Amino acid sequence: MDYGFQYQAGFTQADGFSYWPAPVKLNLELRILGQRNDGYHNLQTLFQLLNIGDELWLKPNKDGLLELESDYSEVPKEQNLVIKAARALLEQTENIQLGATIKLNKRMPSGAGLGGGSSDAATTLVALNHLWGLQLSHQQLCQIGAKLGADVPVFVNGHSAWAEGIGEVLTNTQIPAKHYLIVYPQCAINTGKIFSHPALTRDDKPIKLRASRPEVELKSLGYNAFQPLVAELYPEVKEALEFLNQYGQAMLTGTGSSVFLTFDNEREASKISALCKQRWLTLEAKGINTSPLTENA
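Residues numbered from 1 in each chain as written. Predicted model: local features only at pLDDT ≥ 70, side-chain atom pairs only at ≥ 80, totals over all residues. Heavy atoms only, no water.

**Re the overall build of the protein chain**
1) Next: The secondary structure content of the protein chain amounts to nine helices and eleven strands.
2) Next: A compact globule built from 297 residues would reach a C-alpha radius of gyration of about 19 Å, and the protein chain, at 19 Å, matches this within 12%.
3) Next: Judged by the C-alpha coordinates and their principal axes, the protein chain covers about 55 × 45 × 40 Å.
4) Next: Residue burial in the protein chain is summarised as follows: out of 297 residues, 53% are buried.
5) Next: In the protein chain, the proportion of contacts linking residues at least 24 apart, taken out of those at least 6 apart, comes to 74%.
6) Next: Split by element, the accessible area of the protein chain, about 13,900 Å² in all, is 46% carbon and sulfur. (Helix = DSSP H or I, 4+ residues; strand = E, 2+ residues; numbered from the N terminus. Rg over C-alpha atoms; globule rule 2.2 N^0.38 Å. Buried < 20%, exposed > 50% of the residue type's maximum accessible area, 1.4 Å probe, protein only. Contact = heavy atoms within 4.5 Å. Areas by Shrake-Rupley, 256 points an atom, 1.4 Å probe, with all protein chains shown as cover.)

Spelled out as structure tokens, the structure:
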């Protein structure tokens, strides 16, 4: 199955909807520096955007109605981050007549550590800011997005980035082009359970990534503080990691459950992908530094 984007952002359909992509991400490094007084954790992570993701079509209206159309039923529509993002954006304006119909094509698995829901929210913020003519800055959109989820700002920002704080302090980074094989063990990770687990490492030493020479710095990366604990608690993840480790350095993304391998070319990724497809949902992707969402935003 082709999970790549087919259209550019803002491509207008005949029925009045415009198309907006929601690319997902991998964490190429993820360190936990400590827990804050507000319960959040200070992190360091390297976000690599991918050329795959969910898709949204949006059609604004002046009826004040927000409607989400989607076959995705794992989360009630009113609790979907797409609707939450639209409502959060409306709170920034006094125009109660603004509304939209949003069609969501959920192509990425949920609970996979790819940031699909956060990316959907970010795309909604960026798209409706444009379609409603609100003219909010990217910084304002990032601030709104951070209240919806720690990963939302990087997708609003639209660039692969080194992130600190809870993930909202971003430094755009040029990551050398790589291909990725992603395996989803078909189990959803309880993120709250992982973050609160007493065995989670919370005292990683901070590191400094020099954006000027990422090709050198990246060679020393490949650590995820959540990986040992997730592998211990979720046998499905451990099995996938052990299988992929036969072919390279397998790594968990986010809090999981997806694990991935990095390749220099598509042919190598496809070769190992063929061995995985009978056991797991398997995705192939290419890293991108700039999100297609930014083209018409």
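**Focus on the pairing of strand 8 (residues 179–184)**
1) Next: Within strand 8, six of the six residues are buried, which leaves it mostly tucked inside the rest of the structure.
2) Next: Every second residue of strand 8 is oriented toward a common face, with His-179, Leu-181 and Val-183 on one face and Tyr-180, Ile-182 and Tyr-184 on the other, all of them buried.
3) Next: Here five bridges tie strand 8 to strand 10 (residues 259–263), and the two strands are oriented antiparallel to one another. Pairing of His-179 across the sheet is with Phe-263, part of strand 10.
4) Next: Sheet topology note: the strand 8/strand 11 (residues 281–288) ladder contains six bridges and is antiparallel. Bridged to Val-183 within strand 11 is Thr-282. (Pairing = 2+ DSSP bridges.)

**Looking at the environment of Gly-64**
1) Next: Within the secondary structure layout, Gly-64 lies in the loop between strand 3 (41–61) and strand 4 (66–70).
2) Next: Here the alpha-carbon distance between Gly-64 and Leu-90, two residues 26 residues apart in the chain, equals 9.8 Å.
3) Next: Beyond its immediate chain neighbours, meaning those up to four positions away, Gly-64 contacts Ile-96, Gln-97, Leu-98 and Gly-99.

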